[in-house]
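A structural walkthrough
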Amino acid sequence: MGETGSIPEAYGDVVRRSDACPFARRLGMRVTAIEGDRVRVSMPTAGMKNGHGTTHGGAIFALADHAFGIAGNLSGEDQIGLSAYIQYLSVPAGATLEAVARKVSETERTSVYAVDVYSGDRRVASFEGVGFKIGVPAQKE
C-alpha cells in the first residue's frame, strides 16, 4: 500500500476535523488520500509495541476506527460508531500502517464500513464498523 493520493476540497472540513483530533495526533495518524469511496489513513508504528515486540492490537484497532470515522462522516451527515469488529490476520512489520476504509451499505439510520489495515502490501487486519446517523430524525410509527 503506502500510495498517497489527493484529498478533494469538498472533504476539507472532515479532514481538518480529523487532523485536529488530539487522540489521532498523539498516535501520528494522518489522512493521506480520499479517492472515490475510499479513505486512506496512515500511522507510524514507532512506540506502539506490545509485550511481544510487535505492533499493539489496540493501535491497529485505533487506526481502523479512525479511518471508519472519517469515511462515515464524508457525506456531511454526522455519524457515530454503533459497533465495531476487528480480525487480526498477520503480524505487522514495518514503520507505518495504512488503513483503507470504504462504505459497504447503508440505510436511512445506519451504515456499514469495511476497513483493511496494511503493513506494506500485506493485509494485517480486517475491520467492520457500523455507523449511526445522529442527525436523522426518528421515524414516527
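You'll find the structure just up there.
As a starting point, this report considers the structure included with it. What you see is a predicted model, and the numbers here were worked out from it, not measured in a lab. (Residues numbered from 1 in each chain as written. Predicted model: local features only at pLDDT ≥ 70, side-chain atom pairs only at ≥ 80, totals over all residues. Heavy atoms only, no water.)

Moving on: the pattern of salt bridges. What the rule picks out here adds up to 8 salt bridges. In this structure, Glu 77 engages Lys 133 in a salt bridge whose closest nitrogen and oxygen atoms are separated by 4.0 Å. Of this pair, Glu 77 sits in the loop between α3 (57–72) and β3 (79–88) while Lys 133 sits in strand β6 (residues 122–133), placing them 56 residues apart in sequence. Connected through salt bridges with shared partners, the residues Glu 77, Lys 103, Glu 106 and Lys 133 form a single ionic network. (Salt bridge = Lys/Arg side-chain N within 4 Å of Asp/Glu carboxyl O. Helix = DSSP H or I, 4+ residues; strand = E, 2+ residues; numbered from the N terminus.)

Take the side chain of His 66 next. Considering the arrangement of structural elements, one finds His 66 in helix α3. For His 66, a relative accessible area of 15% puts it in the buried group. The contacts of His 66, once residues within four sequence positions are left out, are Ser 18, Cys 21, Ala 24, Met 29 and Val 41. (Buried < 20%, exposed > 50% of the residue type's maximum accessible area, 1.4 Å probe, protein only. Contact = heavy atoms within 4.5 Å.)

Attention now moves to the pairing of strand β1 (residues 30–35). Inspection of the sheet shows β1 paired to strand β2 (residues 38–44) by 5 bridges, in the antiparallel sense. Looking at the pairing, Arg 30 lines up with Ser 42 of β2. Hairpin remark: β1 followed by β2, antiparallel, with 2 residues in the connecting loop; positive phi at Gly 36, about 60°. (Pairing = 2+ DSSP bridges.)

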